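Structure assessment
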Amino acid sequence: MSLLRRRGLWLALLLVMVGCSAPGWMGAYYLGVFTTAYYFSVFAMSWDLLFGFAGEVNFGPTFMIGVGAYAAGLMNNAGYSIPLCLIGGAAAAVVGGMALAMPALRLRGPYFGLVTLVAVLLLLDCIVIFASVTGGEIGMMVPDVLSVSAEVNYWYAFGFLLVSAVILYGLSRSSLGLILQATGQDRIGAAALGFNVTKHKLAAFCVSALFSGLAGGMLTFYGGIASVDTVVSLSITVQIVIAVVFGGRRTILGGILGSIFLILFDELLRPIGQLNTFVVSGIALAVILFFPDGALGWLLRPRDDA
Amino acid sequence: MLNITPLLEVSGLTKRFGGLVAVKDIGFAIRPGEILGLIGPNGSGKSTVMKLVMGIERIDTGSVKLSGTEVAGWPTHRIARHGVGIVFQHSRPLNRQTVLENIKLALLPDSLLRLVAEPHVDRRAREIAERVGLAAVINRRPPTLPFADLRRLEMAKALARDPQVVLVDEPFAGLTLGEVAVFSELIDGFRRDGRAVLLVDHNVKSVAALVDRVLAMYVGQRIAEGTADEVMQDATVRRVYIGGKIEAHPRKELDVKGREALLDVRSIEVFYGKAQALQQVSVHVNAGEFVSVVGLNGAGKTTLFNAISGLVPFTGDIHWATESLHGRSPARIAREGIVQCPETRELFGDLSVRENLDLGGQHLSRAERDAQLAWLLGLFPILNERQRQRAGTLSGGEQQMLAIARALMMKPKLLILDEPTLGLAPVILEQLSKALARLRETTPITVLLGEQNVTFALPHADRVYVLEHARIVWEGDPARFAEEMGTGYL
Amino acid sequence: MRGLQILIDGFAISSLYGLGAVGFTLMFGVCGVLNLAHGGIMLIAALFGWWVAADYGAGPYGGAVVGILAGLLASYVTYVVVVRPIQRSRAIPRSEEEIFLLTGTLLWGIMIQVGMDYLFSNNPVTMQPLMPGVIDLFGVRTPTNELLIAAVCWVAIGLLWLLVNHTRIGKQLLAASINPRGLTLLGFELSSIYLVVWTIYGLLAGLAGVLLASFFGVSSDNAGNLTASAFTIVILGGLGSVPGSLLAAYVVGYAETLTAYLIAPTLRPIPALLILVLVLYVRPRGLLGRR
């Protein structure tokens, strides 16, 4: 048991070291790829907190991400500084997350999944309709960026990822994570143990929305643009789902593995053109068919000696 | 003792589901250190009562008081915090966490801000594990535990809250006799702690040694209350569980001794996860015979029938007309002549009576089907009148007749009838009994009947098996049953 | 005049939506599968139909036949490659089967979309009308093709109704949607019933895809939206309820047409989504849903 933990810990430390040393040996282009992958990892981890732990099938993570990104972008265009915009974006995302949580408390399974999907479609439509403010399908440029240096951007993303991972993983292993798992698995059982299921689910939505919104805002100021394709489109949702399922549900950190795999592979497969998405989706499909617990779930699967 | 305020006081409890009254005007009180048994057959409403107390189902009318505080209408988690613990029959522990972590979960406060458990939680969790006998497996994960330990874990979680009132759903289901003794001792421990305990079970027998009083329910209503002995002797209870006077009608003309067994179940075993549902069960049915398997709810009758129908995996062997049934799909087994009419009836509620019957007859040629239909509508005249009515709107007795008729539409070689009397009024039982008698007299059909109601099961039977705690404990002809088993059955 | 125009256009669109959704709802009702590759299957039928009709000179009818067969084949592949392995997997707990089916079919739908994009590019294509010409209907000039499509939709839905209510296999399907266990006990193999459902589903989705190509035209980019609108209609109508889906198809079809004509074409999808959210809050099981 403790050996297993320790092995996971060593692995994590090793990966952190590799991550830290990357700017030393990696070219600017690939630093950029990893920067994107890191923001993506936070999307995936936030989603896993809701799906893997609280048991909510949320097809609308990009609703929270998009609200965060566009709110931050709008504030920046109104002249606020980047830190303020990020805070504002995160706050907006949390409000959006609460709006999304309301149906979750009434609806189950596919119904809730659909409502979250509809929320994203509505957000998409709003962006297109108010194109004069949001830039419509082209996207909304922001005046400020985090940095023009690939290396600095990498460090921002890496630091943000580390902090988010520590907090989200810590939460998942905390008492709150335990209670969340219990409510996600068996509402009635959890309530019978005296836990207010509604309160805990709302909290999970808040935390998930907070990190999604922050990451959405950061990504906006990294790229200098908030656009439908980068933060709202359904294909982002699909990639998040793939990343989590591939990396391993209910592991939080699996989302990082999944995201890096997804984005790196997408990059490596660029030569085969459009078919890269086909191959990546195919691999993800094979993973959920043959290794439903995902990569990390498989590596760290519970092994009892007895 | 009478001066002490009850920890749990329930009165006038009523619950409707749509048009069905599931619980009607139920009331009881449990004092500290007292154990009340709430018993009733499947569908009697006893589990609903438990859910109403816990706030899992919303109460229509009535009152639930905990140490004098009215809690009716409170959400479940508040009732739990107010001192009610529940031990569910089916455990759903967190499989990725250890036993210790599962117990700790139950000790956590309902707070969003306390992220790290206080140090005493660990100590307390270990104490509780020790008490329920989980100390040795404290670092294992639930999927690797035997069934009894999973039940222990449920007990531990309920205990962790230090509840004043403990509700236990079917405390002994799926346990071996040795384990039953251990769990009885555990529950007796609740009494010594001064908690009020409500045990919900199918029958008096299994909880008799433990309880101070018993409340018996049937179709949502109270039918008897008193000590375990009083309730077991109660005329209404005996009628519900055993039926009236036991009769047997041996068929002289049938000589089955020399015949080949049509169905031969050879020492099969069935497990549900880790709970053993059947233990070395052997049963045979000869062609033309009418065999009854009697046993209380939960003894394993339905499991036996489902194993024969190929619906649950089993070890051992089942032979049908000399061929093994292993590896055949349930549908194929049905087409080959073993047709089950299950306890749950499994009707197509939105289709008409006639459509239900037609589906049963789809495997037959048109002429055969028409003949079979005409015969069945004669056997069950009420179905003839109701041909166009939706099956879901029929009364319970009519639904049961439809289920039997639908099974007979398949022209079975062996008809398996599982608990046909479940939840039916006595007058319907009589009609059903007559129909079975006619069936037995006028056709060469072979029947395997599973019943709790002995009076219903015996008159038709050529041979009887008694199933108790997953094992066959008695076999013989019905005439001997009254002498040998009549008193010890309940 | 405009009122009549809305009435006619809305009717045709709604009929097509209805046809697109009934297969989806049948699939859920009988097999319990929400197939998120639905749009992908329609897309395959539409693009192959268009390709054969245009490039091989098979004409619109030949193209339609090929398209429907392509849809059928795609439906079988979806079942055998994606859905059945998930349903039979021992590693996937029953309680999580639904999310795995959703994710699996979603991925499969993306693979289809990208594959079609690769084969046919994402340029919108329109199949030749099945019947050229324009009819003057009470003063509204309406393409004959539009009326024919609405008629074909209703004939197909009518045939489905006949099949379900007046044939032996239809009764089995109904029974399976109500109580699969009961049907097993009567000696029917659920696996063959599921195969029948996937066949009917493939034919319906194929036909809907072909008609769509002939009516609006399609591009590989549409797959997601097609799935989303079928999903919306089916949930609005009540999962598993065929009449509910048809009703919802008309609600959505007319809501969209009205918005497009009276407010602005860009706002077209919004009212339907708002109606959906409203209905789900007030009546979570949908308009005619039972559960």
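Residues numbered from 1 in each chain as written. Chains lettered and ligands numbered in written order. Predicted model: local features only at pLDDT ≥ 70, side-chain atom pairs only at ≥ 80, totals over all residues.

Let's shift gears to the sheet that holds strand β7 (residues 165-169) of chain B. Residues and elements named next belong to chain B. Spatially, β6-β7-β8-β3-β9-β10 is the arrangement adopted by the six strands of the open sheet, whose pairing is mixed. Looking along the sheet, the strands with just one partner apiece sit at the ends: β6 (84-87) and β10 (221-226). Averaged over all neighbouring strand pairs, the angle between strand axes comes to 20°, with direction disregarded. Bridge count for β7 against strand β8 (residues 196-201) is five bridges, and the pairing is parallel. Note that in β8 the partner of Asp169 across the bridge is Val200. (Pairing = 2+ DSSP bridges. Helix = DSSP H or I, 4+ residues; strand = E, 2+ residues; numbered from the N terminus. Axes fitted to C-alpha atoms, helices over the stretch in contact; angles between N-to-C directions.)

What follows concerns the environment of B:Asp418. Residue and element names in this part refer to chain B. In this structure, Asp418 sits in strand β17 (residues 414-418). Considering only alpha carbons, one finds Asp418 and Arg124, 294 residues apart in sequence, at a separation of 47 Å. Ignoring anything within four residues of it in the chain, the contact list for Asp418 reads Lys301, Thr302, Phe305, Gln340, Cys341, Pro342, Glu343 and Gly450. (Contact = placed C-beta atoms within 7 Å.)

Let's shift gears to the interface of chain A and chain C. Listed per partner, the contact involves 33 residues of chain A and 36 residues of chain C. Per element, the largest residue contribution to the side of chain A that touches chain C is 13 residues, and it comes from helix α5 (residues 109-129) of chain A. Of the residues contributing to the side of chain A that touches chain C, the split by class is 25 nonpolar, six polar and two charged. (Nonpolar A, V, L, I, M, F, W, Y, C, P; charged D, E, K, R; others polar.)

This next bit is on the sheet that holds strand β15 (residues 323-324) of chain B. Sheets are built from strands that pair by backbone hydrogen bonding, the pairs being arranged parallel or antiparallel. Residues and elements named next belong to chain B. Spatially, the four strands line up as an open sheet ordered β12-β11-β14-β15, and their pairing is antiparallel. Looking at which strands have only one partner, the edges of the open sheet turn out to be β12 (275-286) and β15. Where strand β14 (residues 315-320) meets β15, two bridges bridge the pair, whose relative direction is antiparallel. If you follow Trp320 over to β15, its bridge partner there is Glu323.

The next thing to look at is the interface of chain C and chain B. Contact with chain C, which involves 14 residues of that partner, is made by 20 residues of chain B. Across the side of chain C that touches chain B, the residue classes break down as six nonpolar, four polar and four charged.

Across chain A, the average pLDDT comes to 87, with 95% of residues at or above 70. Mean pLDDT values for the elements of chain A range from 75 in helix α15 (residues 294-299) of chain A up to 95 in helix α3 (residues 61-77) of chain A. (pLDDT = per-residue confidence, 0-100.)

With that settled, the discussion passes to helix α14 (residues 275-290) of chain A. The end-to-end C-alpha distance of α14(A) is 22 Å, a good match for the 22 Å that 16 residues give at a rise of 1.5 Å each. Buried residues along α14(A) sit against α12 (234-247), α13 (254-268) and α15 of chain A together with α3 (59-88) and α4 (97-120) of chain C. (Expected span 1.5 Å × (residues − 1).)

Before going further, it helps to spend a moment on the packing of helix α9 (residues 223-237) of chain C against helix α10 (residues 242-263) of chain C. Residue and element names in this part refer to chain C. Between α9 and α10, the shortest axis-to-axis distance is 7 Å and the interhelical angle comes to 120°. One way to sum up the angle between α9 and α10 is to call them oblique. For the pair α9 and α10, the crossing hand works out as right-handed. Counted together, Thr232, Ile233, Val234, Leu236 and Gly237 of α9 and Gly244, Ser245, Leu247, Ala248, Ala249, Val251 and Val252 of α10 form the full contact between these two elements. (Parallel < 35°, antiparallel > 145°, perpendicular 65-115°, else oblique. Left-handed = near helix turned anticlockwise from the far one by under 90°.)

Looking at the secondary structure, you find A:Ala44 in helix α2 (residues 28-53). The contact partners of A:Ala44, leaving out residues within four places of it in the chain, are A:Ile240, A:Ala243, A:Val244, A:Gly255, A:Gly258 and A:Ser259.

Turning our eyes to something else, we now look at the packing of helix α3 (residues 99-107) of chain B against helix α4 (residues 119-132) of chain B. Residue and element names in this part refer to chain B. Close contact between α3 and α4 brings their axes to 9 Å; oriented N to C, the two are set at 115°. The angle between α3 and α4 falls in the class roughly perpendicular. When you trace α3 past α4, the crossing you get is right-handed. Here Val99, Leu100, Ile103, Lys104 and Leu107 of α3 come into contact with α4, specifically with Val121, Asp122, Arg124, Ala125, Ile128 and Ala129. Its residues placed into classes, the contact of α3 with α4 shows eight nonpolar, no polar and three charged.

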